Amino acid sequence: MIREILSSIKEIILDYVKHRLFPVTVVVIVIFSILIRRLFVLQIIEGEEHMENFIYKSEKTLNIDSVRGNIYDRNGKLLAYNELSYSVVYGNDPNIENRANELGMTENDLKNQILYRTINILESNGDEIYVDFPIELTESGEYKFTVKDAQLKNFKKNVYSVTDFDSLEDEKKNATAKDVVDYLKTVRFEVSDEYTEEETMKIISCRYKLWLNRYQQYVPVTIAYDICEQSNAAITEYGDELLGMEVSVKSLRRYNDAEYFAHIIGYVGRISNEELQEYNKSLPEDEKYNGEEVVGKTGIEQYCESELRGVAGYETMYVDNLGKVIETIDKKSAEAGNDVYLTIDADLQKYCYDTLEKEIASIILANLAPVSSVEAGENTKIPIADVYFGLFNNNYLSIDKMSESSASALEKDIYKRFVSSKDNTLSEINKILTKDFTPVSALSNENKEYMEYICEVLSKNDVFNSELITADDPEYIQYTNDETSLEHYLKYAISVEAIDISKLDAQSNYYDSDEIYTLLCDYVNNYLSQDTEFDKLVIKNMIKSGEISGDDVINLLYLQGILNPDSDKELEEYRNGQYGAYEFMMKKIQNLDITPAMLALDPCSGSIVVTDVNNGDVLAMVSYPSYDNNYMTNEVDAAYYNTLLEDKTTPLYNRACQQRLAPGSTYKILSSITGLSEGVIDQGTYVYCPGEFDKIDPAPKCWIYPSGHGSLDVEAAIQRSCNVFYYQVGYSLAWKDDGTYSDSYGLGRLEKYAKMFGLGDLSGVELPEIEPHISDNDVVRSAIGQGKNSYAPVQLARYVTTVANSGKCYNLTLIDKVTDYEGNVIRDNQAELLNDVKLQSSTWTSVHNGMRRVITLNTMGSELVNRVNVSVAGKSGTAQESEIRPDHALFISYAPYENPEVSVTCVLQNGYSSGNAIELAGFVYAYMYDPDKLNGAEMKGNVKYSD
């Protein structure tokens with residue numbers, strides 16, 4: 001019938017054109033009208049049986065995710081893998097407008113209702129939404145941003161739909177978290193007041209995530225991962241009502257033993273627009289990423305992205321109006337990613353991490369004192385009050401929880417005491433700032449701390465520009481010497497225009513100095529009254545004064561779920577009066593029920609790097625504390641991420657690669673090599689140590705001062721770590737052939753050998769790493785590892801690896817090989833040789849002998865490093881960064897001394913003594929070479945060693 005109509009239309013066109021009755025364009029329009037009318041008449045006359053032959057079809061393309069490759073350790077132990085699961089995908093449905101009209105609702109009302117129903121289905125089955133939204137609703141009912149600085153600006157820019165943050169009016173630039181929520185609720189998404197605050201936040205977060213895709217409306221977003229079968233069934237059943245909601249099968253990334261490997265492996269997440277553009281620049285069309293794929297965000301996941309990823313596939317098809325596939329017109333199978341094998345030994349890695357944590361705990365216990373405070377000094381002890389406060393300071397015990405209606409009677413009582421103490425403290429601060437010119441020296445220690453904190457707040461918030469007052473300004477000198485009051489100092493700051501009045505609640509630009517100071521005091525009072533860090537200072541002083549007791553803290557640990565009372569032996573003994581709060585806390589730290597990471601005291605962190613010295617493989621690389629990357633992968637758990645950001649121990653920070661410290665006396669090995677190779681000393685050179693080096697002024701001292709080491713050769717100097725010997729080496733290196741002394745000349749000679757041993761470059765590991773810094777000042781002190789020498793633990797590991805194998809300086813590697821999914825080797829990775837250091841054999845002999853003597857003659861025979869069934873050689877180091885905090889402890893080493901196989905580098909930030917780093921290394925060597933020695937071995941945490 002259609003053929004007949006078209007034939008008739010053709011005759012009409014020819015007739016019209018032949019007789020030029022109308023212009024051609026008019027003819028075409030008329031013909032189309034006739035065609036449509038006749039087809040419509042045809043439908044009416046011939047009925048529905050003719051419509052059965054008409055098939056609606058549209059073209060759709062289904063992306064088929066590739067399977068990401070696995071990550072294994074060197075022995076084939078699975079570390080990272082994929083798991084298929086159900087995820088809820090939320091997108092823009094083209095039928096939403098019609099459905100809203102049918103129901104007599106607005107589009108926003110319907111979208112909000114659909115989200116509300118979906119969230120209820122998920123939560124009723126124990127599932128929940130996972131959406132990264134940078135505002136949280138706290139337990140106390142306050143809205144709070146979870147991002148800062150550039151991220152916060154970018155968030156506000158997106159919320160208010162501008163391309164440049166600076167183009168926003170001040171009101172929106174300074175919008176609070178509640179302001180943003182109210183805007184999104186009332187203006188952007190029109191969320192009804194019938195929903196609770198918690199429900200509104202969930203709806204807004206999902207709507208916002210999809211709204212970010214408003215220029216790519218065909219791209220849906222995932223709002224829930226790994227949902228259960230019941231949630232899947234319910235959402236699928238009500239699919240025709242929950243427009244825009246779909247359940248899809250997704251491959252989720254999982255990590256075994258996550259805490260041990262997180263800094264190495266990293267995690268994956270959905271590709272960002274910036275990453276999409278960058279990755280697709282160099283890829284052929286059929287290998288380009290789509291907007292829903294995941295990519296490595298950090299670690300090996302990121303470094304090996306191109307090998308792990310594989311290639312996504314697709315299937316292009318025609319579907320009918322019910323979504324049924326009619327015909328497949330194009331198809332490309334997904335290609336699985338390759339598997340990556342690391343050089344890491346998983347069992348060794350886990351042992352090193354656990355042992356490092358135990359060593360740090362043992363140092364805390366060895367230095368713990370049953371007092372509320374101590375004076376900072378060389379032998380700094382840790383007051384038990386600091387342990388109690390550490391649990392508040394690092395956010396394990398919550399002040400907010402004590403204020404909730406569901407809080408226990410004890411929590412409410414402590415909170416009442418806290419509120420009273422805070423009010424009194426604010427009143428006292430106001431008196432100090434406005435009615436009392438008492439110099440800082442006359443204030444109590446607590447009030448001194450509050451004054452210092454106020455200065456920090458004003459500076460941090462750009463209210464006080466401290467750079468406008470120079471260090472030689474008499475007013476600055478008087479204040480820093482505690483000779484004047486903070487009131488006097490701030491008024492001086494106003495007089496030199498170091499106070500930014502625009503940051504205060506000023507209604508005019510014309511105020512005299514007293515009025516500005518009044519505004520400043522109001523600012524301080526308002527800020528402190530809402531500041532959680534100030535609240536912690538109040539808690540700290542309540543603990544010191546006994547207003548919050550050790551018993552209170554112990555009870556809070558159980559009431560707030562930090563410790564579990566079930567089968568808790570220590571709790572039972574404590575409640576039976578067998579010991580008090582101090583002994584209870586000691587036992588909990590010893591058992592690691594309370595870990596160093598929880599307390600965030602000095603020490604609370606460290607790293608261990610173990611290498612194969614003969615090929616540059618990294619066998620273990622530990623950074624403590626760590627985190628669980630399962631919460632960071634696929635979709636970031638915003639609450640967990642926020643706790644990591646607020647954690648005082650910075651667990652996201654990879655200390656093995658990114659923490660740069662002075663090497664201390666570990667650098668004396670390099671100075672020995674430089675001195676011997678440059679000819680300023682030889683094996684027969686003896687240097688007399690009287691305890692200080694008097695050839696420069698002021699005279700630097702040896703660690704043994706006022707005693708002295710007497711006369712030493714190079715091997716004894718390494719063994720005894722004599723500063724005076726190496727002062728002399730540095731001093732001699734600075735003399736030129738023409739008889740002139742040049743600090744820079746000597747530094748250049750040290751730098752030459754530092755670079756040979758890899759200390760001038762990144763270590764080579766396939767992770768982000770801080771740049772090393774070779775000292776460029778004071779050759780005499782630089783020769784003992786001071787000056788400006790500063791290196792990451794992994795860089796020291798490469799240095800000692802080169803020493804151990806007598807000259808092969810490798811670019812260290814974490815990657816052993818890459819295979820396809822069938823196990824065929826695609827890439828057999830080897831560490832590259834950076835330098836082949838050629839030295840006199842006598843130089844190597846002196847260095848190795850000296851390092852062996854460090855162990856055999858300097859350490860106690862009872863130390864584990866001396867008792868293991870392997871000959872260890874090494875060099876310790878102590879680095880002082882602060883006069884009021886414990887020194888850093890370092891130890892570089894290798895074994896066996898006779899035929900080196902492995903190196904072990906241990907760094908304990910604020911670890912008190914290098915003896916503790918030696919003790920730690922002894923446990924690592926025992927694990928690798930003599931595990932029977934571990935039975936009954938105890939960590940002391942107070943091993944004294946001088947270097």
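Within any chain, residue numbers begin from 1 and follow the written order of that chain's sequence. It should be noted that, the model being predicted, local features are given only for residues of pLDDT at least 70 and side-chain atom pairs only at 80 or more, the latter also being counted only at that level, while totals for whole chains, interfaces and linings use all residues. Each side-chain value is worked out from all heavy atoms of the structure, with water and hydrogens disregarded.

Chemist: Even after reading the chapter, I still don't get the overall build of the protein, so can you show me in this structure?
Modeler: Numbered from the N terminus, helices here are DSSP runs of H or I no shorter than four residues, and strands are runs of E no shorter than two. Tallying secondary structure elements over the protein gives 38 helices and 25 strands in all. Expressed along its principal axes, the backbone C-alpha trace of the protein runs to roughly 120 × 75 × 65 Å. We call a residue buried when its accessible area falls under 20% of the maximum for its residue type, exposed when it is over 50%, and partly exposed in between, using a 1.4 Å probe and counting protein chains only. Scored against the burial criterion, the 947 residues of the protein give a buried share of 50%. Here, residues are in contact when the closest pair of their heavy atoms is within 4.5 Å. Counted over contacts in the protein with a minimum sequence separation of 6, partners at least 24 positions apart contribute 69%. Neither His nor the chain ends is counted toward charge; the positive residues are Lys and Arg and the negative residues Asp and Glu. Here the site of a charge means atom NZ of a Lys, CZ of an Arg, CG of an Asp or CD of a Glu. Averaging the locations of the 86 positively and 151 negatively charged side chains of the protein gives two centres separated by 3 Å.

Chemist: Looking at this model, I keep getting lost on the nonpolar core. Mind explaining?
Modeler: Residues belong to one nonpolar core when they are buried, are Ala, Val, Leu, Ile, Met, Phe, Trp, Tyr or Cys, and are joined through side-chain atoms within 4.5 Å. Membership of the largest hydrophobic core comes to 206 residues, with the highest contact counts inside it found for F392, M451, M585, I608 and M621. For this core, the element with the most residues is helix 15 (residues 346–367), which contributes 11 residues. With near-sequence residues (within four places) excluded, M451 lies in contact with I429, I432, L433, L443, Y479 and L486.

Chemist: What is the right way to look at empty space enclosed by the protein in this model?
Modeler: Rolled over the atoms, a probe as big as a water molecule pinpoints where empty space is left. For cavity detection a 1 Å grid was placed over the protein atoms alone, and a set of points counts as a cavity when a 1.4 Å probe fits there but cannot get out; an open set counts as a pocket when protein lies on both sides within 12 Å along at least five of seven lines, with lining residues being those that have an atom within 4 Å of a point. Grid points are joined across faces, edges and corners, and a volume is the space filled by probe spheres set on the points. Within this structure, the stated rule accounts for 4 cavities of 30 Å³ or more. Computed from the structure, the largest cavity encloses a volume of approximately 310 Å³. Lining the largest cavity are 18 residues; nearest its centre among them are D65, S251, E292, E293 and V294. Among the secondary structure elements, those contributing two or more residues to the lining of the largest cavity are strand 6 (221–227) and strand 7 (245–255). Here the lining of the largest cavity gets 4 residues from one element, more than from any other, and that element is strand 7. Residue polarity follows a fixed list, in which Ala, Val, Leu, Ile, Met, Phe, Trp, Tyr, Cys and Pro are nonpolar, Asp, Glu, Lys and Arg are charged, and the others, Gly among them, are polar. A per-class count over the lining of the largest cavity returns 3 nonpolar, 5 polar and 10 charged. Taken as a whole, the second largest cavity encloses approximately 70 Å³ of empty space. As for the second largest cavity, its lining consists of Y90, G91, N92, D93, I96, K111, I114, L210 and L243. Looking at the lining of the second largest cavity residue by residue, the classes come out as 5 nonpolar, 2 polar and 2 charged.

Chemist: What is the right way to read the sheet that holds strand 25 (residues 902–909) from this model?
Modeler: Where strands meet in a sheet, backbone hydrogen bonds hold them as pairs that are either parallel or antiparallel. We call two strands paired when DSSP finds no fewer than two bridges between them. Read across the open sheet, the 5 strands follow the order 16-15-25-24-23; overall the sheet is antiparallel. Every other strand in the sheet has two partners, leaving strand 16 (618–624) and strand 23 (873–879) as the edge strands with one partner each. Averaged over all pairs of adjacent strands, the angle between their axes in this sheet comes to 5°, without regard to strand direction. Relative to strand 16, strand 15 (residues 605–612) is paired through 6 bridges, and the arrangement is antiparallel. Residue pairing across strands places G606 opposite Y624, the latter belonging to strand 16. The convention used is that axes are lines fitted to C-alpha atoms, helices contributing only their stretch in contact, and that angles between N-to-C directions extend from 0 to 180 degrees. Contacting strand 15, strand 16 and strand 25, helix 15 crosses the sheet at an angle of about 35° to strand 16.

Chemist: Explain helix 5 (residues 107–124) to me, please; I cannot follow it from the model alone.
Modeler: Count 3.6 residues to each turn of an α-helix, and residues three or four apart come out pointing the same way. Here a helix's expected span is defined as the number of its residues, less one, multiplied by 1.5 Å. Here helix 5 spans 26 Å end to end across 18 residues, near enough to the 26 Å set by a 1.5 Å rise per residue. If you check which residues of helix 5 are buried, you get N108, L110, K111, N112, I114, L115, T118, I119, I121 and L122.

Chemist: Before we go on, may I ask you to explain the environment of S742 in this structure?
Modeler: Looking at the secondary structure, you find S742 in the loop between helix 32 (723–733) and helix 33 (743–756). Along the chain, S742 and V779 lie 37 residues apart, while their C-alpha atoms are 9.1 Å from each other. Setting aside anything within four residues of it in sequence, one finds S742 in contact with A734 and K736. One polar contact links S742 to S744, side chain to side chain, over a distance of 3.1 Å. Residues adjacent in sequence count toward polar contacts only when both atoms are side-chain atoms; beyond that, a polar contact is any pair of N or O atoms within 3.5 Å, and within protein one must be able to donate a hydrogen and the other to accept it.

Chemist: It is not clear to me how the side chain of E301 should be interpreted in this structure. Could you clarify?
Modeler: Note that E301 resides in helix 13 (residues 299–303). Excluding its chain neighbours within four sequence positions, the residues that come into contact with E301 are R68, I71, A80, R253, Y255, I265, G266, Y267, V268, G296 and L308.

Chemist: Help me understand the pattern of salt bridges in this model?
Modeler: As a working rule, side chains carrying opposite charge can pair if their charged atoms are close by. Think of a salt bridge as a Lys or Arg side-chain nitrogen and an Asp or Glu carboxyl oxygen that are within 4 Å of each other. Evaluation of the coordinates by the stated rule reveals 41 salt bridges. The partner of R117 in a salt bridge is E241, and the shortest N-O contact between them spans 2.8 Å. On the criterion of sequence distance, the pair formed by R117 in helix 5 and E241 in the loop between helix 10 (229–237) and strand 7 is long-range, its members being 124 residues apart. Residue class for E241 comes out partly exposed when judged on its relative accessible area of 36%. As a salt-bridge pair, D413 and R417 come within 2.8 Å of each other at their nearest N and O atoms. In this pair, D413 and R417 are both assigned in helix 18 (residues 409–434), 4 residues apart and thus about one turn of the helix distant. Since its relative accessible area comes to 36%, D413 is described here as partly exposed.

Chemist: Which parts of the structure should I look at to understand the packing of helix 30 (residues 668–678) against helix 36 (residues 841–858)?
Modeler: A pair of packed helices can be characterised by two numbers: the angle between their axes and the separation between those axes. Axis separation between helix 30 and helix 36 bottoms out at 10 Å; the angle between their running directions is 155°. Put simply, helix 30 runs roughly antiparallel to helix 36. In this structure, helix 30 crosses over helix 36, and the sense of that crossing is right-handed. For the pair helix 30 and helix 36, contact is made by I669, I673, L676 and S677 and by T843, W844, S846, V847 and M851, respectively. Along the lines of polarity and charge, the residues of the contact of helix 30 with helix 36 split into 6 nonpolar, 3 polar and no charged. By the definition adopted for this analysis, an angle is roughly parallel if under 35 degrees, roughly antiparallel if over 145, roughly perpendicular if from 65 to 115, and oblique otherwise. For any helix crossing, the convention is left-handed if the near helix is rotated counterclockwise from the far helix by under a right angle, and right-handed if that rotation is clockwise.

Chemist: Would you explain the packing of helix 4 (residues 96–103) against helix 5 in this entry?
Modeler: In the contact formed by helix 4 and helix 5, the axes pass within 9 Å of each other and the chain directions differ by 100°. Considered as vectors, helix 4 and helix 5 are oriented roughly perpendicular to each other. In contact with I96, E97, R99, A100 and L103 of helix 4, helix 5 contributes E107, L110, K111 and I114. Counted by class, the contact of helix 4 with helix 5 contains 5 nonpolar, no polar and 4 charged residues.

Chemist: Looking at this structure, how should I read helix 33?
Modeler: Taking 1.5 Å per residue as the helical rise, helix 33 with its 14 residues ought to reach 20 Å, and the 20 Å between its terminal C-alpha atoms agrees with that figure. All of the buried residues in helix 33 are G746, L747, R749, L750, Y753 and A754. Along helix 33, the residues classed as buried sweep out an arc of 155° about the axis, all on the same side. In the core, the buried residues of helix 33 are packed alongside helix 30, helix 32 and helix 34 (779–782). Once helix 33 finishes, G758 follows within two positions and takes phi at roughly 85°, a positive value. The directions from the helix axis to the C-beta atoms are what the arc is built from.

Chemist: What is the right way to look at the packing of aromatic side chains in this model?
Modeler: For any two aromatic rings, the description comes down to two numbers: the centre-to-centre distance and the angle of the planes. Put simply, two rings from Phe, Tyr or Trp (the six-membered ring, in Trp's case) pair if the centres are within 6.5 Å, and we call them stacked under 30 degrees between planes, edge-to-face over 60, tilted for the rest. Taken as a whole, this structure holds 30 aromatic pairs when the rule is applied. When the ring of F133 is compared with that of Y208, the centres are 5.6 Å apart and the planes differ by 70°; the resulting orientation is edge-to-face. Residue F133 is located in the loop between helix 5 and strand 4 (135–137), and its partner Y208 is located in helix 9 (residues 197–211); the two are separated by 75 residues in the primary sequence. The pair F133 / Y208 is uniform in exposure class, with both members buried.

Chemist: Explanation requested: unusual backbone geometry in the structure shown.
Modeler: Trans is the prevailing form of peptide bonds, just as negative phi is the prevailing case for residues other than glycine. Of the consecutive residues D602 and P603, the connecting peptide bond is found in the cis state with omega at 0°. For N395, which is not a glycine, the phi torsion comes out positive at approximately 70°. Following the sequence through the fold, N395 ends up in the loop between helix 16 (384–393) and helix 17 (399–402). The phi dihedral of D482 is positive, around 65°, even though this residue is not glycine. Structurally, D482 is set in the loop between helix 20 (474–480) and helix 21 (486–495).

Chemist: Sorry if this is basic, but what is going on with the state of the cysteines here?
Modeler: In protein structure, a disulfide is the covalent linkage between the sulfur atoms of two cysteines. A pair of cysteine sulfur atoms is labelled a disulfide when the two atoms are within 2.5 Å. Per the stated rule, a full pass over the model turns up 0 disulfides. Between C521, a cysteine without a disulfide, and C455, which holds the nearest cysteine sulfur, the sulfur-to-sulfur distance is 12 Å. Looking at the unpaired C702, the closest cysteine sulfur is the one in C689, lying at 4.1 Å. Judged by relative accessible area, C702 falls into the buried class, the value being 4%.

Chemist: Teacher, can you tell me more about the pairing of strand 12 (residues 339–342) here?
Modeler: Note on strand geometry: in a regular strand, side chains alternate between the two faces of the sheet. Burial of strand 12 is two-sided: the residues D339 and Y341 facing one way and the residues V340 and L342 facing the other way are all buried. Inspection of the sheet shows strand 2 (residues 71–72) paired to strand 12 by 2 bridges, in the parallel sense. Residue pairing across strands places Y72 opposite Y341, the latter belonging to strand 12. With 4 bridges connecting them, strand 12 and strand 20 (residues 815–819) associate as antiparallel partners. Counted as the bridge partner of Y341 is K817 from strand 20.

So yeah, pure geometry; function would need other evidence.
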